[in-house]
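Fold and geometry: a report
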Amino acid sequence: MHKHTDAFVDRMKEFGSAPEGIELRKWTDWMAMDASADFTYSREMHQLRDMKSSRFLNQLWLVNFFVFANQVFKRIPILSPLKYPFVRPSVLANFSEILKTNEEALESRIKRRGNVEHLDHFEALLPANAPAPTQKEKKRIDIITGHLVIAGYEPIANQIYSAIIFSLLEPTCLDYLVKEIRMAFRKYDDIQIKDLGSLQYLHASLMETLRITVLQSSGQSRVSPGATVDGHHVPKGVTVSYAFLAFTRESRYFHDAHSYRPQHWLPEGHPLWDPAFRNDATDSFHPFSQGPRPCPGLSLAWQETRLFLAKVLWQFDAEMLPNQRIVFERDFRMFPMWQKPEFWVRFHLVARENILTNSAQS
Ligand code: HEM
């Protein structure tokens, strides 16, 4: 995790303060996918290094709308053949090449069994001492690793990009966040994952980002086993789902529900706790889901996103370029993955002596 965050920080030292700034969506996409491929099966994608999206990343975004269309047509099976025009010709043209590259990456990982730099998810799928996989097993592992790369990439990219944007759009929130991080660590190398869980404003900022951006447009459909929910009987076999956006934007459940307000998530007793948020339905919000199939990446996600924000905001003063009025409801589009707008920022390296003096004064 440090390796990928540090690579991002190093790149920003080179390019972050240029007058034209950097486009945050692209850079956070590169960082998050490089990290996810590495965590999944020690695959080096080098997008940050090469400053170029891999074909896999490009393709993924090209099929985003098709996957959405597919979900819709599933509900109206008779219209199902109409979904194919939603596949872009360039996707079909490159598809076999992408599959081949992914298969090669898998073969390479199989050959390196017992000889990789760090533990990865693959290790659990095919431990170093397991017998060589059959073709059928390879196919299965190929599909699972593909899922893991995407599952470990998209929400992380979304989360780090959005947390920075929403904080920049609310300068007071950014100020509190930056202060908390910089007061906690004297040196960049002091920033360690184990110490980040106690930073309450960092936690609150990430929770609030999750509340605003809510994953899972599909509403996480589940087939009812036959049950009574909130006084209503839901017969067996009925598909139910959950209206995340309606819940998180409802003023009965969240005070000032449409604004980015990390205060929702601060504990009573925190100096910035505000009684106006006392009745928020925070206990009912489960961005990683719950029950028998919650997100298995929860702990990884917290560690990765906390580390990224802490290191980046410790090292740089973030500045948004002018005239960017991002409005979440207008500018983000939910297909299976959030289609996010471009956002231009500058990252200025912090003059350290000033910080230490300022922190000591405040
Ligand atoms: C902020 C980050 C993340 C959020 C908010 C998040 C949220 C979720 C949610 C809500 C689900 C349940 C989907 C459903 O039941 O329909 C899920 C499933 C899943 N997540 Fe995450 N996730 C995050 C990061 C990660 C990471 C880093 C990984 C690592 C590989 C990961 C791997 C998975 C996998 C494999 C599943 C499917 C589990 C299953 O089908 O049983 N997630 N995630």
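Thresholds applied
- Residue positions within a chain follow its written sequence, with the count starting from 1.
- Only residues with pLDDT of at least 70 get local features here, since the model is predicted, and only at 80 or more are side-chain atom pairs given and counted; chain-wide, interface and lining totals rely on the full set of residues.
- Side-chain metrics rest on all non-hydrogen atoms present in the structure, leaving aside hydrogens and water.
- Here a residue is near a molecule or strand as soon as one of its heavy atoms is found within 4 Å of it.
- Any pair of nitrogen or oxygen atoms within 3.5 Å is treated as a polar contact; in protein, a donor-acceptor pairing is required on top of that, and neighbouring residues in sequence qualify only through side-chain atoms on both sides.
- Strands here are runs of E lasting at least two residues and helices are runs of H or I lasting at least four, both read from the DSSP assignment and numbered beginning at the N terminus.
- Gly is placed with the polar residues, together with every amino acid not listed as nonpolar (Ala, Val, Leu, Ile, Met, Phe, Trp, Tyr, Cys and Pro) or charged (Asp, Glu, Lys and Arg).
- In this description, a line fitted to the C-alpha atoms serves as the axis of each element, helices being fitted only across the stretch in contact, and the angle between N-to-C directions of two axes falls anywhere from 0 to 180 degrees.
- The labels follow the angle: roughly parallel below 35 degrees, roughly antiparallel above 145, roughly perpendicular from 65 to 115, and oblique for the rest.
- Helix crossings are classified by the rotation of the near helix relative to the far one: an anticlockwise turn of less than a right angle makes the crossing left-handed, while a clockwise turn makes it right-handed.
- Whether two residues touch is decided by their heavy atoms; if any such pair falls within 4.5 Å, the residues are in contact.
- pLDDT runs from 0 to 100 and stands for how confident the predictor is about each residue.

Observations regarding the site of the ligand
Residues in close proximity to the ligand total 19 residues, the closest being L215, R222, P287, R293 and C295. Contact distances for the ligand include 2.6 Å between an oxygen atom and a side-chain N or O atom of R222. Interatomic distance of 2.6 Å between a side-chain N/O atom of R293 and an oxygen atom of the ligand. The set of elements that each furnish at least two residues to the shell around the ligand consists of helix 8 (135–169) and helix 12 (298–315). Top contributing element to the shell around the ligand by residue count: helix 8, with five residues. Here the shell around the ligand is built from residues that sort into 12 nonpolar, five polar and two charged.

Points about the packing of helix 2 (residues 24–41) against helix 12
Interhelical geometry of helix 2 versus helix 12 gives an angle of 140° and a closest axis separation of 13 Å. Taken together, the axes of helix 2 and helix 12 are oblique relative to one another. By crossing handedness, the relation of helix 2 to helix 12 is classed as right-handed. When helix 2 is examined against helix 12, the residues T28, M31, A35 and F39 are found in contact with a partner set consisting of L300, E304 and F308. Residue classes in the contact of helix 2 with helix 12 are distributed as five nonpolar, one polar and one charged.

Description of the confidence of the model for the chain
Close inspection of predicted coordinates is inappropriate for parts of the model with low pLDDT. In this model, the chain carries an average pLDDT of 91, and 97% of its residues clear a pLDDT of 70 or more. Predicted confidence for residues 356–362 stays below pLDDT 50, and this span has four contacts to residues more than four positions away or in other chains.

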